[in-house]
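These are the residues of each chain, in order.
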Amino acid sequence: MTAIPTPTTELSGWRHAYSGKVRDLYVPADTPEGATPERMLVVASDRVSAFDHVLSPGIPGKGELLTTLSLWWFDRLAGADGGRSIPNHLASSHELTLGADGEANTADDLKSLIPEAVTGRAMVVRSLDMLPIECVVRGYLTGSGWAEYRENGTVCGISLPEGLSNGDRLPEPIYTPAYKAPLGEHDENISYERTVELVGADRAAELRDLSLEIYARAAATAEAHGVILADTKFEFGLDGNGVLTLADEVLTSDSSRYWDAAAWASGTTPDERMASFDKQIVRDWLAANWAAPREGEPPALPADIIDRTTARYRELLERLTAA
């Protein structure tokens, strides 16, 4: 895997603590080493990854687009969609509105904590005890699931009816958890029984049921805007009272597959049916221009691939958040 760049910009009041493939995590500058702070700053970069490599250059504006979409979904799932409020990791006054320009506006007291250099692509969040489970929900047959289904008639070991095609809607959404591997290693698909071993029977059931609930609510919201939520993944942590809390990003085009509903209904080929609002453009280009086993530095992304990817990210945000 390509080394992840360490942020070089110092953020007033914050100290860099960790970087993933896309996000950078900061703690208050006065936090003692080894202590757990009450709040943290999560910054979405413009980095883009594929095949476990961080690519260059990044996608301009990607961090802000993903952050805006995450904040919008956190707001929907807190009850704005008419459903029950699902706890999330945002600091309590992290309220979201969308300005006339479509950019996220947050409560003034938290705005003052977000340095100008990362305005629009940062969230102030509560510290959580993160669970090592990536909660994947699949509503459609695609990707690695399609490959497994063709071979075994299953997805992550779950038997499915015969006769399904690539891109078909599943009879009902399925929960296919994964174990979150250390940075630089592949996440591992695991059985539901393994999640019970990792977090206990009650917590495993809560993770499964909450993930399926969130998917159902989000899929209905997306469908109302002419968009299909094919699959997605969630991460959860526990707050100081042991309450299961939705964390990290949620329902972004990096963590989810979104398709155009009209194209899916009318398309005659998988490419037409599953034209996605995510970095699939990047994956396809890299697959065609960097032969396996894809070791060393990946080739630089061309300008037209960057521009097309940016346009798809932006289109998804505009479609979902349109009144």
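Per an unreviewed UniProt entry, the protein chain goes by the name Phosphoribosylaminoimidazole-succinocarboxamide synthase and belongs to Microbacterium trichothecenolyticum. Its UniProt record, at the heading Pathway (unreviewed entry), says of the protein chain: "Purine metabolism; IMP biosynthesis via de novo pathway; 5-amino-1-(5-phospho-D-ribosyl)imidazole-4-carboxamide from 5-amino-1-(5-phospho-D-ribosyl)imidazole-4-carboxylate: step 1/2." Quoted verbatim from the Sequence similarities (unreviewed entry) field of the UniProt record, the comment on the protein chain reads "Belongs to the SAICAR synthetase family."

Colleague: Hey, could you run me through the state of the cysteines in this one?
Modeller: Counted according to the given criterion, the structure contains 0 disulfides. Left unpaired, Cys135 is separated from the closest cysteine sulfur, that of Cys156, by 13 Å. With relative accessibility at 0%, the residue Cys135 sits in the buried group. Exposure remark for Cys156: the relative accessible area of 25% places this residue in the partly exposed category.

Colleague: I keep staring at unusual backbone geometry and nothing clicks. Help me out?
Modeller: Glycine aside, negative phi is the norm for most residues, and most peptide bonds take the trans geometry. At the junction of Ser56 and Pro57, the peptide bond is cis and its omega measures out at -5° in the coordinates. Turning to its location among the elements, Pro57 is positioned in the loop between strand S5 (53-55) and helix H1 (62-80). With a phi close to 65°, Asp52 is a non-glycine residue in the positive phi region. Position of Asp52 among the secondary structure elements: in the loop between strand S4 (48-50) and S5. The phi dihedral of Leu251 falls on the positive side, at around 55°, and the residue is not glycine. Positionally, Leu251 belongs in the loop between strand S17 (244-247) and strand S18 (256-260).

Conventions adopted
Residues numbered from 1 in each chain as written. Predicted model: local features only at pLDDT ≥ 70, side-chain atom pairs only at ≥ 80, totals over all residues. Heavy atoms only, no water. UniProt positions renumbered as here; feature names shortened; annotations may be inferred. Disulfide = S-S within 2.5 Å. Buried < 20%, exposed > 50% of the residue type's maximum accessible area, 1.4 Å probe, protein only. Helix = DSSP H or I, 4+ residues; strand = E, 2+ residues; numbered from the N terminus.

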